[in-house]
Every structure is written in C-alpha cells, then in structure tokens.
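Listed below are the residues making up each chain.
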Amino acid sequence: MALCLGQVFSKDKTFRPRKRFEPGTQRFELYKKAQASLKSGLDLRKVVQLPEGESMNDWVAVHVVDFFNRINLIYGTMSEFCTERTCPIMSGGLRYEYRWQDGDDYKKPTKLPALKYMNLLMDWIESLINDEDIFPTRVGVPFPKNFQQVCKKILSRLFRVFVHVYIHHFDSICSMGAEAHINTCYKHYYYFISEFNLIDHSELEPLKEMTEKICN
C-alpha cells in the first residue's frame, strides 16, 4: 500500500537540517515563486526557466539549495536500507563507482561505503551553501566569479545520489510508495540542469535509460 508523502518523507529523517532562505530577501521571494510554480501543475520544463528580469546567479542559488534539501530528504529516508553491509562501495551498479576526494581529509580519490560517502557529500555541500563568500545572502554582496563552477560541482555530485538510490534501492522506493515523488524530483532536477547546461551530459550516462523513460 502506498503511503502518503508526509509518511514517506518525514522531516526527522533528513540527513541535515534544511537550509532556509531569510524572509524578506530577494532569494526568499524567488524561492516562493519557484515553489508556487511547482505546485501549480505547470510543465516542469517551463517551471525551471529563468523568470524575466531575475538574476541568473540568484535563480541557480535558489535551486541548488532546494535540490540539496530535497535530495537530502530522499536519501535520509532511504539511509536505513543503505548500510556498510548492503552498500560497501558508493556505486551505481557494476559499471559506475564513485570515489570521494575533497582536497582536505581525502586528497586522493578514495573508495568508501555509500553511507560514508553520502555523509561526506552532505557535509561538503552544507559547508559551501553556508559560506557567505560563495552563497552570499547580504544585499549588494556579489557572487564569486567561480560561482557557476561551484554549483556545477555540487549538482554533479548530487546526481550521484540519484544514481545510487535508483539503481540500488529502487525496490525500497516502490515498497514505500515513493516512486512518483522521487521521479518528479528527478525530473525537476534534470530539466533544470539541462536548461542551463550545468552538467556535462556524459555524467548522466548511468541513468540514461531511466531519464529517457520519465523525462521525454
């Protein structure tokens, strides 16, 4: 029996506290606009398009934070099925293996259990979106010149969460009645990165067949 989304994606299962936008800021207003469009039933291809007169960097920032929150929630729900025993390697089937490297504690690409990889990934993203030098929240403070590159890296690594969840935990997704919700989240993500060319399409190869099925 399918559970309601409130039961499937409980906020107490998030890996990390949700990143929120400050009320009264332009980014908060953009976030509300994006959420209203999502709930309106509009075509997701149109929902992701940059609103007229809005800043590209602000629009990207809002979506990167929102995808972090949503994917964090999805994996937090699935993490009870993703243990060092069930997933000793962060992978997407037999063909794709993801190794962690952050330049600090892991200076070389390192093979890790999926759960450990996800913890490090969420810590890494959280540190970036909370860094005022990268994701400025104060009015008049510009984004750094490498902002788009940082966001591309975040989005490409978040894609790996979809890969692992879809390939290794799809049965659990279905048994929880969460398939439609995760598919919608993935479609939103896919249309956004495609609209603004934020990921090299070669990186999307692990989910190529599924993407063609649900996004075309």
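Residues numbered from 1 in each chain as written. Predicted model: local features only at pLDDT ≥ 70, side-chain atom pairs only at ≥ 80, totals over all residues. Heavy atoms only, no water.

Let's talk about the nonpolar core
Condition: In these notes, a set of buried Ala, Val, Leu, Ile, Met, Phe, Trp, Tyr and Cys residues joined through side-chain atoms within 4.5 Å is what counts as a nonpolar core. Only protein chains enter the area calculation, which uses a 1.4 Å probe; residues under 20% of their type maximum are buried, those over 50% are exposed, and those in between are partly exposed. Note on conventions: DSSP H or I runs of at least 4 residues are helices, E runs of at least 2 residues are strands, and numbering of each starts at the N terminus. Between two residues, a contact is recorded if the distance between any of their heavy atoms is within 4.5 Å.
F135, I154, Y186 and Y189 are the most contacted members of the largest nonpolar core, which totals 65 residues. Here the element with the most residues in this core is helix α6 (residues 147-168); it accounts for 12 residues. Beyond its immediate stretch of four places on either side in the chain, Y186 contacts F159, F162, Y166, L207, M210, T211, I214 and C215.

Things to note about the UniProt feature "binding site: Zn(2+)" (unreviewed entry) in the protein chain
Heads up, the condition is: UniProt positions are given in the numbering used here, feature names are shortened, and annotations may be inferred rather than shown by experiment.
Residues annotated by UniProt as "binding site: Zn(2+)" (unreviewed entry) correspond here to C82, C87, H164 and H169. What stands out for the annotated residues spanning 88 residues is how close their C-alpha atoms remain, the widest pair being 10.0 Å apart. Mapped onto the secondary structure, C82 falls in the loop between α4 (56-78) and β1 (91-92). You can call C82 buried: its relative accessible area is 0%. Apart from the residues lying within four places of it in its own chain, the contact partners of C82 are Y75, C87, A114, L115, H164 and H169. Tracing the backbone through its elements, the reader meets H164 in helix α6. For H164, a relative accessible area of 0% puts it in the buried group.

Thoughts on the packing of helix α8 (residues 179-195) against helix α9 (residues 208-215)
Defined as follows: Note on method: axes are straight lines fitted to C-alpha atoms, helices fitted across the in-contact stretch only, with angles between N-to-C directions ranging 0 to 180 degrees. Just so you know how the angles are binned, under 35 degrees is roughly parallel, over 145 roughly antiparallel, 65 to 115 roughly perpendicular, and the rest oblique. Classification convention: Asp, Glu, Lys, Arg as charged; Ala, Val, Leu, Ile, Met, Phe, Trp, Tyr, Cys, Pro as nonpolar; all other residues, Gly among them, as polar.
Axis separation between α8 and α9 bottoms out at 11 Å; the angle between their running directions is 100°. Considered as vectors, α8 and α9 are oriented roughly perpendicular to each other. Every residue of α9 that contacts α8 at N183, Y186, K187, Y190 and Y191 is listed here: M210, T211, I214 and C215. Its residues placed into classes, the contact of α8 with α9 shows 6 nonpolar, 2 polar and 1 charged.

Focus: unusual backbone geometry
Even without a glycine there, the phi angle at N197 is positive, about 50°. Inspection of the secondary structure assignment puts N197 in the loop between α8 and α9.

A short note on the pattern of salt bridges
Applied cut-off: Salt bridges are counted wherever a side-chain nitrogen of Lys or Arg sits within 4 Å of a carboxyl oxygen of Asp or Glu.
If you walk through the whole model with that rule in mind, you get 4 salt bridges. One salt bridge connects D43 with R45, and the closest N-O pair in it is separated by 3.9 Å. For D43, a relative accessible area of 36% puts it in the partly exposed group. A residue is classified by how much of its surface remains accessible, and R45, at 38% relative accessible area, is partly exposed.

Considerations on the environment of Q149
By the secondary structure assignment, Q149 is in helix α6. Spatially, the C-alpha atom of Q149 lies 10.0 Å from that of I199, the residues being 50 residues apart in sequence.

Let's talk about α9
The cut-off we apply is this: When we speak of the arc, we mean the arc of directions from the helix axis to the C-beta atoms.
Residues of α9 that are buried include every one of M210, T211, I214 and C215, and no others. Seen end-on, α9 carries its buried residues on one side only, within an arc spanning 100°. Exposed side chains of α9 directed beyond 90 degrees from the buried face belong to E209 and K213. In this fold, the buried residues of α9 make contact with α3 (44-47), α6 and α8.

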